[in-house]
Structures are given as C-alpha cells and as structure tokens.
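These are the residues of each chain, in order.
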Amino acid sequence: MNARIIEHPILGKIEKGRLVEFSYNDTKLNGYEGEPISAALKAAGVMVHRHTQKQGAPRGVFCAIGRCTDCVMVVDGKANVRTCITPLTDGMIVQTQYGVSAKNHQGAEERS
Amino acid sequence: MKRYDLIVVGAGPAGLSAAIEAAKCGLQVIVFDENANPGGQLFKQVHKFFGSKEHKAKIRGFRIGEQLLVEANQLGVQVVLNATVAGLFQDKEITVRINDGIYHYKGDTIIVATGASENATAFEGWTLPGVIGAGAAQTMMNLHGIVPGSKVLMLGSGNVGLVVSYQLLQVGCEVVALADAAPRVGGYGVHAAKLTRTGVPFYLSHTIIKAEGSDCVTGVTIGAVDKAWKLIPGTEKHFAVDTICVAVGLSPMAQILSAAGCSMEESQSKGGYVPVCDEYGETSIAGVFVAGDVSGVEEASSAMIEGRIAGIAVAEYLGFIDKTVLTQKTLELESALSTLRQGMFAIENRGKILEKTDEGYDVSLHLLQKGYLTEEEVMQYPGVTKQQGVHAVIECSQNIPCNPCQDACPKQCIKVGDNITSLPVIDEAAVCIGCGLCVAACSGQAIFLVDENYEDGYASITLPYEFLPLPAKGNAGWALDRSGQKVCKAEVVKVNTASAFDRTNLLTIKVPVEMAMKARFFKGGDCHA
Amino acid sequence: MRKINDRSRDLGAFVPADDDQMIICRCEEITKGEIRQAVHDGMFTLTEVRRYLRTGMGLCQGQTCGKLVKGIIVRELGTAPAELEPAFSRVPMRPIEMKVFANEQEVQGDE
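Analysis parameters
Residues numbered from 1 in each chain as written. Chains lettered and ligands numbered in written order. Predicted model: local features only at pLDDT ≥ 70, side-chain atom pairs only at ≥ 80, totals over all residues. Heavy atoms only, no water. Phe/Tyr/Trp six-rings, centres within 6.5 Å; stacked < 30°, edge-to-face > 60°. Helix = DSSP H or I, 4+ residues; strand = E, 2+ residues; numbered from the N terminus. Buried < 20%, exposed > 50% of the residue type's maximum accessible area, 1.4 Å probe, protein only. Lys NZ or Arg CZ within 6 Å of the ring centre and 35° of its normal. Contact = heavy atoms within 4.5 Å. Buried area = accessible area lost by both parts, 1.4 Å probe. Salt bridge = Lys/Arg side-chain N within 4 Å of Asp/Glu carboxyl O. Polar contact = N/O pair within 3.5 Å; in protein donor to acceptor, adjacent residues only side chain to side chain. Nonpolar A, V, L, I, M, F, W, Y, C, P; charged D, E, K, R; others polar. Axes fitted to C-alpha atoms, helices over the stretch in contact; angles between N-to-C directions. Parallel < 35°, antiparallel > 145°, perpendicular 65-115°, else oblique. Left-handed = near helix turned anticlockwise from the far one by under 90°.

A. Region of the structure containing the packing of aromatic side chains. Residue and element names in this part refer to chain B. Enumeration over the complete set of coordinates arrives at 12 aromatic pairs over all chains. Ring geometry for Tyr-4 versus Tyr-105: centroids 6.2 Å apart, planes at 40 degrees, classification tilted. Of the two residues, Tyr-4 is situated in strand β1 (residues 2–9) and Tyr-105 in strand β6 (residues 101–112); the sequence distance between them amounts to 101 residues. Taking relative accessible area as the criterion, Tyr-4 reaches 3% and is therefore assigned buried. An aromatic cluster is defined as three or more aromatic residues linked by ring pairs; in this entry it consists of Tyr-166, Tyr-465, Phe-467 and Phe-521. Sitting over the ring of Tyr-166, Lys-194 keeps its end group 4.4 Å from the ring centre. Directly above the aromatic system of Phe-448 lies the positively charged group of Arg-520, at a separation of 4.7 Å from the ring centroid.

B. Main features of the interface of chain B and chain A. Chain B puts 40 residues into the contact, and the matching count from chain A is 29 residues. For the pair chain B and chain A, the summed buried surface comes to about 2,800 Å²; carbon and sulfur atoms form 66% of the total. Summed over the shared surface of chain B and chain A, the result is 1 salt bridge. One salt bridge connects Arg-67 of chain A with Glu-34 of chain B, and the closest N-O pair in it is separated by 2.9 Å. Linking chain B with chain A are 6 residue pairs in polar contact (both at pLDDT 80 or more). Broken down by secondary-structure element, the contributors of at least two residues to the side of chain B that touches chain A are β8 (131–133) and α3 (134–142) of chain B. Residue contributions to the side of chain B that touches chain A peak at 5 residues, all from α3 of chain B. Per-class residue counts for the side of chain B that touches chain A are 19 nonpolar, 15 polar and 6 charged.

C. Just unusual backbone geometry, in detail. Cis geometry is found at the peptide bond from Leu-468 of chain B to Pro-469 of chain B, where omega equals -5 degrees. Secondary-structure assignment places Pro-469 of chain B in the loop between β24 (458–465) and β25 (476–480). In this chain, Val-91 of chain C is followed by Pro-92 of chain C through a cis amide linkage whose omega measures 0 degrees. Within the element layout of this structure, Pro-92 of chain C appears in the loop between α3 (66–77) and α4 (98–101). The residue Asn-82 of chain B is not glycine, and still its phi comes out positive at about 50 degrees. Note that Asn-82 of chain B resides in the loop between β3 (78–80) and β4 (83–88). Here the phi dihedral of Arg-54 of chain C falls at roughly 80 degrees; this positive angle occurs in a residue that is not glycine. Residue Arg-54 of chain C is classed as partly exposed on the basis of its relative accessible area of 37%.

D. Looking closely at the packing of helix α1 (residues 32–40) of chain C against α3 of chain C. Residue and element names in this part refer to chain C. Between α1 and α3, the shortest axis-to-axis distance is 10 Å and the interhelical angle comes to 45 degrees. The angle between α1 and α3 falls in the class oblique. In this structure, α1 meets α3 at a crossing whose hand is right-handed. Residues Lys-32, Ile-35, Arg-36, Val-39 and His-40 of α1 pack against Val-69, Ile-72, Ile-73, Glu-76 and Leu-77 of α3.

E. Main features of the packing of helix α1 (residues 13–24) of chain B against helix α2 (residues 61–74) of chain B. Residue and element names in this part refer to chain B. α2 packs onto α1 with a crossing angle of 30 degrees between their chain directions and a minimal axis gap of 9 Å. By the angle between their axes, α1 is roughly parallel relative to α2. At the point where α1 passes α2, the crossing takes the left-handed sense. Facing Pro-13, Leu-16, Ser-17, Ile-20 and Lys-24 of α1, the residues of α2 in contact are Leu-68, Leu-69, Glu-71 and Ala-72. When grouped by side-chain class, the residues that make up the contact of α1 with α2 number 6 nonpolar, 1 polar and 2 charged.

F. Seen up close, the environment of Met-98 of chain C. Residues and elements named next belong to chain C. Here Met-98 lies in helix α4. A relative accessible area of 64% places Met-98 in the exposed class. Residues Met-98 and Ile-24, 74 residues apart in the sequence, show an inter-C-alpha distance of 28 Å.

G. Highlighting the interface of chain A and chain C. At the interface, 13 residues of chain A touch 12 residues of chain C. A combined buried area of about 1,100 Å² lies between chain A and chain C, and 43% of that area is made up of carbon and sulfur atoms. If you sort the residues of chain A by the area they bury against chain C, Lys-54, Arg-59 and Arg-67 of chain A come out on top, with a joint share of 41%. Across the contact surface, chain A and chain C share 2 salt bridges.

Remember, this is a structural readout, not a statement about activity or role.
Structure follows, in structure tokens:
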C-alpha cells in the first residue's frame with residue numbers, strides 16, 4: 001500500500017514541496033522538502049529510528065508531535081533530533097541513533 | 001524588554017479566540033506557540049463539529065482553524081511560531097526560546113492556553129515501532145499526508161478513538177478492531193455507529209495483552225476483562241496488525257502554571273492537575289488567566305468559548321472595557337458554554353449509566369456495548385417514522401447538544417427545539433423533498449433518506465459517504481446493515497456531490513423493500529458469494 | 001501545606017508480578033518492577049522515585065510516563081492519587097541546551 005496519501009476524501013489533493021534526495025544510513029532516499037523527516041522515512045518503509053541505550057530496543061514514532069522523543073535520530077551529525085517535527089532539507093544526512101549520543105555502537109553495551 | 005497588554009501562550013483554538021477578543025477591545029496582543037503551525041489540534045480535525053450554529057456546528061475543525069487565523073491576522077494579533085515559552089516569572093515576565101536565543105517579554109496580562117497532551121497506557125510490547133498515539137495517527141494522516149499503517153487496532157472508545165478510527169478508514173487503513181477495557185463505549189453513539197456499519201468490530205471489556213513483533217508491530221493479542229479488570233483466561237483474540245493506536249485520554253499541560261506558583265488542584269473529571277480559576281479563567285496569580293483544555297479537558301468548541309471569555313476578562317482587568325460591558329459580553333458566552341455542557345455526556349453524568357433519555361426513550365445499551373442500535377431499538381426514536389415516499393430517518397438516540405439537522409431542512413421537517421440536547425423529531429405533517437441537506441448536515445452521519453415506494457419491490461436509501469473512491473451511478477455491490485454485515489445486493493442509483501454538502505457525498509442505493517430499515521452502508525465490488 | 005505520606009506504614013514485602021519487566025519510563029528504560037521496588041525501598045513520593053530511578057528525567061522530561069509512574073506508586077502505597085504530592089515542575093518547561101539558555105537576546109523595541 002502506498003504510504004503517501006495522494007487524495008484525501010476531505011482534504012482533497014495533498015500538496016507537497018519539491019522532491020529532494022537525502023541519505024538514510026547507507027542508502028539514498030527521496031522525500032519532499034519541508035515535510036517532517038519521519039514522514040519521508042515512513043513513506044520509504046522505515047519504522048526503526050533508534051536503538052535504546054540500555055536494552056538496544058528498537059524505537060520509532062510514538063507521538064508524532066515532538067513530545068515523546070522516541071523518534072530521535074542523528075541528523076547532520078547531531079544526536080537527539082526529533083524527526084517528527086524537523087523539516088527535511090536537500091542533502092540531509094539521517095542516521096539511526098544508537099543510545100543517547102551520536103556515537104555509533106551496535107547493541108546494548110556499557111554506557112558510553 | 002518588550003511589553004504587551006496581553007501575552008497568550010498557545011495558538012490553539014482557546015489561545016487564538018482569546019487573542020481575537022482582546023484585540024477587538026483594543027489590546028496589543030502577542031501569541032507564542034512552540035509548534036511550526038498554529039491552530040493546536042484544530043487542523044487535524046477533518047470531521048464536522050457538533051453543537052449549534054454559534055458553536056460552529058457542521059463546520060469541519062480545520063476550517064474553523066482557518067477562520068480563527070484570518071480573524072486574528074485582520075485584528076493585528078502577532079502570532080509567533082516555533083517559539084517555546086520556557087517559563088512564567090514574577091510580574092508576568094516570560095522567557096521565550098526562539099531559534100537559538102532566549103528572549104524576555106512582559107505581559108500586563110497573561111493567558112495560558114497550552115492545551116492537553118495524550119495519555120499513555122503500558123502493555124507488553126508497547127515500545128515497539130508501530131504503537132502510536134491516536135493523535136499521532138491524526139497528525140500523520142491530516143498534516144503529513146502519510147498513511148499510519150495498513151491494518152490498525154484502536155484502543156479506546158472515547159470520541160478521540162472513534163473519530164480517529166473513522167479517519168483511518170478514510171485514508172484506506174483497515175481498522176481490524178476497536179477495543180476498550182471499559183464495558184461501554186465512552187464517546188458518542190453516532191461516532192461508534194458510523195464505524196460499525198462499515199464493518200469495524202467493537203470489543204468492549206477487552207484490553208491489550210501483548211503487542212508482537214521484533215523490530216516493529218506485526219500482531220496484537222487482546223483479551224476480555226472482568227469487572228475487577230482481571231483478564232479472563234481463554235478469551236484471547238489475535239489480530240495481524242502493523243499499527244496499534246492508543247486513545248486513552250488527555251491530560252492538561254499546566255506545568256508552566258504550577259512552576260509559577262499557581263494554586264492547583266487534582267481533578268479526575270478535568271483530566272489531572274489543573275489550575276484553580278474563577279468563571280473568567282483568572283488563576284490565583286492576579287492577571288494570569290487560563291482557557292481551554294489546560295484548565296480542564298473538554299473539546300475545541302468549549303475551548304474557543306473559554307478563550308473568548310478570558311480575552312474579554314483581561315480587557316476589563318486592564319480597564320479597556322468596564323464591568324458592565326464585561327458582564328454583557330460574557331453572558332451570552334457563558335450561556336453558550338453551559339449549553340455545550342449539558343446532555344448525556346455532561347460532567348455530572350460521567351460514570352453514570354443513564355437508562356432513559358431526557359424525553360423518556362430507552363438509552364440503548366446495545367449501542368454502548370456493541371457500537372450500533374438494533375433494528376428494533378431504532379424504531380422507538382422520534383427521528384424514525386414510517387411514511388409514504390421519501391422521508392428522513394434520523395437514528396439519533398442520545399441527548400447531545402447538537403441541532404444542524406433542524407437548520408438544514410428547508411421544509412421544517414426536523415424539530416430539535418430550544419433545548420438543543422433534545423432528540424430530533426420528524427414532523428410528519430411536513431413534506432420531505434428529498435434534497436438530502438439534512439443527511440449532509442448531520443455531523444454524526446446519523447440521517448438517512450428512505451423511500452419505500454422507490455420502485456415496485458424496491459426501496460431507496462440515501463446515505464452519507466465520505467470515502468474514496470466514490471462509487472458511481474450504476475455500480476453494483478452490497479448493502480451492509482448497522483453491524484457491518486452484508487444483507488442484500490445493492491445498486492447505486494444516484495451520487496450527489498453538491499458543494500453545499502461540504503464533502504459529505506450522498507449515495508443513493510436501491511435495495512429490496514424489506515431491507516429499507518436494515519441497509520445503512522454500501523460496499524462496492526462483485527456480488528458473487 | 002503538602003500532604004505528608006505516613007512513612008511508618010508497613011507495605012509488606014515486595015511481591016514479584018508477571019509484568020515487572022514492562023518498561024514504564026520509555027526514555028530511561030525503567031521497568032514497573034523497579035518502580036514498585038523503589039517504593040518498598042522507602043521512596044514514597046513522586047519526586048523521590050524520580051531522583052532515585054531517573055523516571056521522568058530523560059529526554060521527554062516525564063511527558064509520557066508521568067501519569068503511569070504516579071499510578072504505580074499510588075497502587076503500591078495503597079493510597080489515592082490526591083494523597084500524593086504532585087510532581088514538581090521547574091523552568092524551563094522544555095529541555096533547552098545550555099548554550100541557548102545563556103544566549104540572551106534583546107527584543108526589538110525594548111522599553
């Protein structure tokens with residue numbers, strides 16, 4: 001199923017900005033300039049945004065309104081960026097966050 | 001630092017309404033909102049509001065938001081977005097974070113309208129990606145243009161759970177089930193009914209046992225609970241879903257007030273920890289007022305009225321208007337507010353099991369437990385009559401403040417009366433012309449046009465239809481009854497999409513005459529089996 | 001005057017439950033069992049549990065877990081929500097980086 005709504009029965013045709021390319025870990029994805037990063041990721045089928053510090057558990061969008069901080073990722077090198085309220089820009093570098101910093105360690109290891 | 005007559009924290013329906021009223025009285029107003037978009041939750045509301053004309057009934061939430069913004073703009077109200085109010089200090093000074101700096105502002109008066117945030121409920125697997133708040137689903141669908149998932153389980157049968165479930169159907173999601181640990185539907189019966197007729201099953205007295213999946217949700221198990229909320233073994237039901245939506249209430253975001261030293265109180269009916277305030281919204285800190293969900297969780301309609309009252313009250317506090325003008329202006333608003341707070345869902349009725357409507361009709365327990373009225377029950381209500389030729393059948397069975405149906409009918413066929421919580425009554429002396437305006441005007445989608453004399457052996461049913469793709473004249477399919485079961489073959493004989501209906505399309509189907517009081521929804525597709 | 005919890009009350013021994021492993025504070029990954037154990041360790045107020053376990057001190061600052069943690073403490077203490085002193089709220093209302101907090105700006109048109 002197409003994750004993007006093309007036409008909504010009440011809101012009509014959904015207008016989007018210009019299509020831009022951004023990188024997600026090792027791949028290149030497309031999204032619309034100005035939409036939340038999480039929207040572009042969801043459209044591309046990405047559900048896991050980060051792995052937690054203690055348990056290495058997968059987390060993704062929960063509140064979608066910038067309140068719960070479960071959707072945070074490393075964006076342009078900066079950790080703890082709330083992807084559900086941060087607008088996508090051309091050439092943005094989006095990476096899965098491991099733990100609470102921008103350091104990229106796999107799995108549930110000792111606190112960094 | 002810059003001084004304003006009024007600083008409003010929050011540009012949602014309450015905040016904007018307050019800013020508008022204060023600006024009308026001549027105050028210089030600035031509104032700060034932490035979000036990138038104004039309007040609070042209003043722009044996510046694609047459904048038509050209830051109430052009466054003064055409450056903006058039958059108008060979709062997002063259009064009301066647009067109206068408020070235009071009005072605020074015209075009055076010169078400054079609205080600053082992406083501006084997080086970090087704190088409220090002595091002498092009504094606030095600090096605001098804008099981009100990477102902190103700014104100080106001074107208000108002669110402050111109105112805090114920060115709204116409420118979604119509650120959470122924990123269950124095994126609730127941290128998996130795919131478990132989202134109902135508000136999150138709304139944000140994704142109605143603001144981001146993204147489908148939240150393909151198969152969804154909704155937890156929660158309050159108005160949020162019911163309304164968001166319908167919105168999920170509108171963007172093509174399959175709502176596999178709606179569950180609630182409570183024994184009865186918490187929201188309006190009409191919101192439940194428009195879901196069940198599409199085939200969504202309700203599981204009251206059920207709770208989520210476990211969300212399954214390794215990286216994200218792939219399934220969910222629910223189970224029945226007894227009166228002591230204990231799981232009943234052997235009642236487990238499993239659904240393959242990729243999304244679980246949680247709609248378990250809202251809590252006021254009043255922390256800025258408690259941090260400022262405001263007198264607070266714990267109130268379960270208001271949703272949590274709220275500021276103590278008077279009828280104008282003034283808190284224990286002189287010159288600091290509150291409006292909207294932050295002072296007690298209700299709805300957008302009441303938030304807007306409370307905002308307007310607070311906006312006028314600060315004008316009087318500062319001497320821009322005198323006490324008599326305050327009383328005169330707020331009298332009408334207080335009356336509008338109390339109208340909204342009447343009926344079956346009034347605060348004083350919460351938790352009570354009402355057996356009769358105000359008029360003495362039976363309140364349907366079946367509706368509250370299964371989400372739909374039975375055919376036998378429906379017949380007792382004053383909006384349901386048997387007549388020759390086309391006539392409206394109003395399946396409205398609860399006292400809710402709402403009357404757009406009355407105003408919609410050009411032939412005065414529908415009467416609600418001065419007390420807008422009354423059930424609508426069909427005046428059998430009036431002659432229905434089958435225009436369908438009532439069908440489109442009913443925010444609960446509870447009105448149908450029925451003509452048992454359409455053709456020899458056939459009846460026609462005109463029903464509200466807000467889905468894509470829109471069926472076309474001549475399409476064959478199935479008629480579903482109130483519970484979502486297929487009852488007979490149906491053919492589309494008319495599709496009406498007049499702009500006056502505001503996107504509530506009118507679908508007229510032809511069914512065997514004995515199905516006239518059963519058929520309530522249409523599903524296109526092949527008619528074999 | 002805040003209501004005071006009777007610290008002499010005997011809660012009985014900590015009884016393990018099936019859902020002790022369930023995460024309650026999502027940000028700091030604190031489980032239900034840890035919260036219940038904290039009450040038995042002598043943490044009788046929301047503020048004490050917060051300082052003891054860090055529930056509510058993560059990135060979301062208790063926005064998600066606040067009500068849940070309170071409910072668990074209330075049940076473990078065998079008391080009512082109104083009896084518990086409310087969690088303390090302090091400025092800033094949202095997490096702000098120190099460099100931003102220190103970046104005082106002048107508003108145009110200052111008096």
